[in-house]
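A look at the structure
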Amino acid sequence: MPPALQSSGALLLSPTVPSSLAPLTFIPLFKERIWGGRRLETLFGKGLPPGACIGESWEIVDRPDDQSVVREGRLCGRTLHHLWENHRAEIFGEMEDAPRFPLFLKLLDAEEKLSVQVHPPADLAAELGGEPKTECWYVAHAEPTAELYVGLKKGSSRADFEAALAKGTAQEQLHRIPVSAGDAMFLPSGRVHAIGAGNVLVEVQQNSDTTYRVFDWNRVDSKGSPRTLHIQESLRSIDFDDYEPELVEHGGELLVADPLFTLEEWSLTEERPVSERGIFAIVTCLSGAVRCAGVELTPGNFFLVPASLQDRALSASAAGTALLRITAGR
C-alpha cells in the first residue's frame, strides 16, 4: 500500500491545551488507489498531489500508522491520538474507554469500481486476525450511471457464490443499486459490497482498517498479475443470508442510529446548536458553507466541535447549506 500523501501546511506545536477551544480542523491524508481519480480536487478544492490517482482522503483518523494532525489554532500540530490520550474530557466528553478514538471519517473517489469486499463480523474478526468494521456511505456526488453493489441477490446461496467465483462471474450474484447524490447505505460487518465507478462518497465507520477482497472483476496489472484476494477469510465473513438490502430511508434528519455512531443530515436554514455541551460532534459540509465559533466549513471539509466548547451554534454563511452531523454512539 502506498504511503499517505499529506497536504502541505506548517506544523507548530502548542505546549499546552488552550483554556478555550475552537472547532478543530485536520490535515487530510491522501491515499493513492488504482481506482481513484481527481474529483476530490475538482469538486472540493482539495490540494491533491500532481498526477496521482487519489481514491481516499482520510479526514479524521487515529490509526497506529496514520494520524490526523490539527491544521491550525493553538492546538496546531497535535495528533488526534494525542488529544484522545491526554485531553479526552475537554475535547470528547464522557466516552467509554478505548485505546483509540473510535470513529474514522473518509472521502472516497471511485473513478473505477472497487473490488468486491467484506469486513469481518465482531464475533470472528479476532480469530481471522482483523478488526470488525461497520460503516455507512453517503453519496456526495454520483455520475448518471453510478451504482453500488451491496448484499446478494435473492435466491443466491453460498454454493452459488463460490461457483461464480470459480468462473469469474461473482458480480452476477450481487445486488446492484443505482444511486444519486443524497443516497445513503448502511454496511454492517459481514455485508458483502463494492463501490461502482462514478461515486464520490463520505464514509463514516468505526475505527478499523480490515478489508478482505473476494473478487476484483478479473482485473490484472500491467504485468498481467491479479490483485491479492482473501477468499477464505471473505467466505467465512460474508453473511449469506443478507439479501438485497435497501438504501437508508430518508424519513427526516436521522440516517443511522447505531451503537457505534449516529449520522444525521441537516439542511441548515437557521442557527442551531451542533450538540449539547459535553458531547462532541463532527460536521462535514455538503453544500453552501457552515460556521461555528468563527470557523467556516466549505463542501468536502470537516471539523470536530469539542465537547467543552461554549459557542456551539452552527449557522449558514451561504444559501442552500446542508451538512452531515456525526456523533459517537446513539
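Counting starts from 1 at the beginning of each chain's written sequence and moves along it residue by residue. The predicted origin of the model limits local features to residues at a pLDDT of at least 70 and limits the giving and counting of side-chain atom pairs to 80 or more, whereas totals for whole chains, interfaces and linings rest on all residues. Hydrogens and water are ignored here; the side-chain numbers use all heavy atoms of the structure.

**Overview of the overall build of the protein**
Going along the chain from the N terminus, every DSSP run of H or I of four or more residues is numbered as a helix, and every run of E of two or more is numbered as a strand. Counting secondary structure elements, the protein contains 6 helices and 25 strands. It is over C-alpha atoms that the radius of gyration is taken, and the globule rule equals 2.2 Å times the number of residues to the power 0.38. What you see for the protein is a C-alpha radius of gyration of 20 Å, in line with the 20 Å of a compact globule of 330 residues. With the C-alpha coordinates of the protein rotated into their principal frame, the extents come out at 60 × 40 × 40 Å. Buried means the residue's accessible area, taken with a 1.4 Å probe over protein chains only, is under 20% of the maximum for its type, while exposed means over 50%, and partly exposed covers the values in between. Taking all 330 residues of the protein together, the buried fraction comes to 54%. Roughly 14,500 Å² of accessible area belongs to the protein as shown, and the carbon and sulfur atoms make up 48% of that amount. For the purpose of charge, His is not counted, nor are the chain termini; Lys and Arg are scored as positive and Asp and Glu as negative. Where a charge lies is defined by one atom per residue type, namely NZ (Lys), CZ (Arg), CG (Asp) and CD (Glu). Positive and negative side-chain charges of the protein, numbering 31 and 46 respectively, have mean locations separated by a distance of 4 Å. Each accessible area is a Shrake-Rupley estimate made with a 1.4 Å probe; only the visible protein chains count as cover when residues are assessed.

**Here's the deal with helix 5 (residues 158–167)**
Each full turn of the α-helix corresponds to 3.6 residues, which orients residues three or four apart in the same direction. The complete set of buried residues in helix 5 reads Phe161, Ala164 and Leu165. In an axial view of helix 5, the angular spread of the buried residues amounts to 105 degrees, which keeps them on one side of the axis. Projecting away from the buried face of helix 5 at angles above 90 degrees are the exposed residues Ala159, Ala166 and Lys167. Close packing links the buried residues of helix 5 with strand 11 (147–152), strand 12 (174–178), strand 16 (212–215) and helix 6 (231–237). The positive-phi residue at the C-terminal boundary of helix 5 is Gly168, with phi of around 75 degrees. Note that the arc is computed from the directions linking the helix axis to the C-beta atoms. Any two residues whose heavy atoms approach within 4.5 Å are treated as being in contact.

**Regarding the sheet that holds strand 22 (residues 295–297)**
Pairing within the open sheet is antiparallel, and its 4 strands lie in the order 19-24-21-22. Every interior strand has two partners, whereas the edge strands, strand 19 (272–273) and strand 22, have only one. Following DSSP output, two strands are said to pair if at least two bridges run between them. By the bridge criterion, 2 bridges tie strand 19 to strand 24 (residues 313–316) in an arrangement that is antiparallel. Paired with Arg272 across the strands is Leu314, a residue of strand 24.

**Observations concerning the sheet that holds strand 18 (residues 261–267)**
With antiparallel pairing, 5 strands are arranged side by side in an open sheet as 17-18-25-20-23. For this open sheet the edge positions go to strand 17 (254–257) and strand 23 (302–305), each flanked by a neighbour on one side alone. Adjacent strand axes in the sheet meet at a mean angle of 20 degrees, parallel and antiparallel pairs treated alike. Axis geometry follows a simple rule: fit a line to the C-alpha atoms, using only the stretch in contact for helices, then measure angles between N-to-C directions, giving values from 0 to 180 degrees.

**Structural notes on the packing of aromatic side chains**
Ring pairs shown here join Phe, Tyr and Trp side chains whose ring centres sit within 6.5 Å, with only the six-membered ring taken for Trp; geometry is labelled stacked below 30 degrees between planes, edge-to-face above 60, and tilted in between. Enumeration according to the criterion identifies 9 aromatic pairs in this entry. Chaining the aromatic ring pairs together yields one cluster made of Trp84, Phe92, Phe101 and Phe280. Between the NZ or CZ atom of Lys31 and the centre of the ring of Trp58, over which it lies, the distance is 4.2 Å. Charge over a ring is defined by NZ of Lys or CZ of Arg lying within 6 Å of the ring centre and within 35 degrees of the ring normal. The ring of Trp217 has Lys113 lying over it, and the distance from NZ or CZ to the ring centre is 4.9 Å.

**Some points on the pattern of salt bridges**
Every case where a carboxyl oxygen of Asp or Glu lies within 4 Å of a side-chain nitrogen of Lys or Arg is listed as a salt bridge. Scanning the entire structure with this criterion turns up 22 salt bridges. Here Lys31 ties to Asp66 by a salt bridge, and the two come within 2.9 Å at their closest N and O atoms. Of this pair, Lys31 sits in strand 3 (residues 29–37) while Asp66 sits in strand 6 (residues 66–67), and the two are 35 residues apart along the sequence. The two residues Lys31 and Asp66 agree in class, both being buried. Each of Arg33, Glu56, Lys106 and Glu203 takes part in salt bridges that share partners, so that together they form one network.

**Considerations on the confidence of the model for the protein**
Atomic detail in the predicted coordinates should be set aside for any region of low pLDDT. Averaged over the protein, the pLDDT score is 93; the fraction of residues at 70 or greater is 94%. pLDDT measures how confident the predictor is about each residue, on a scale from 0 to 100. Counted against residues more than four places away or in other chains, residues 8–19, with its pLDDT under 50, gives 25 contacts.

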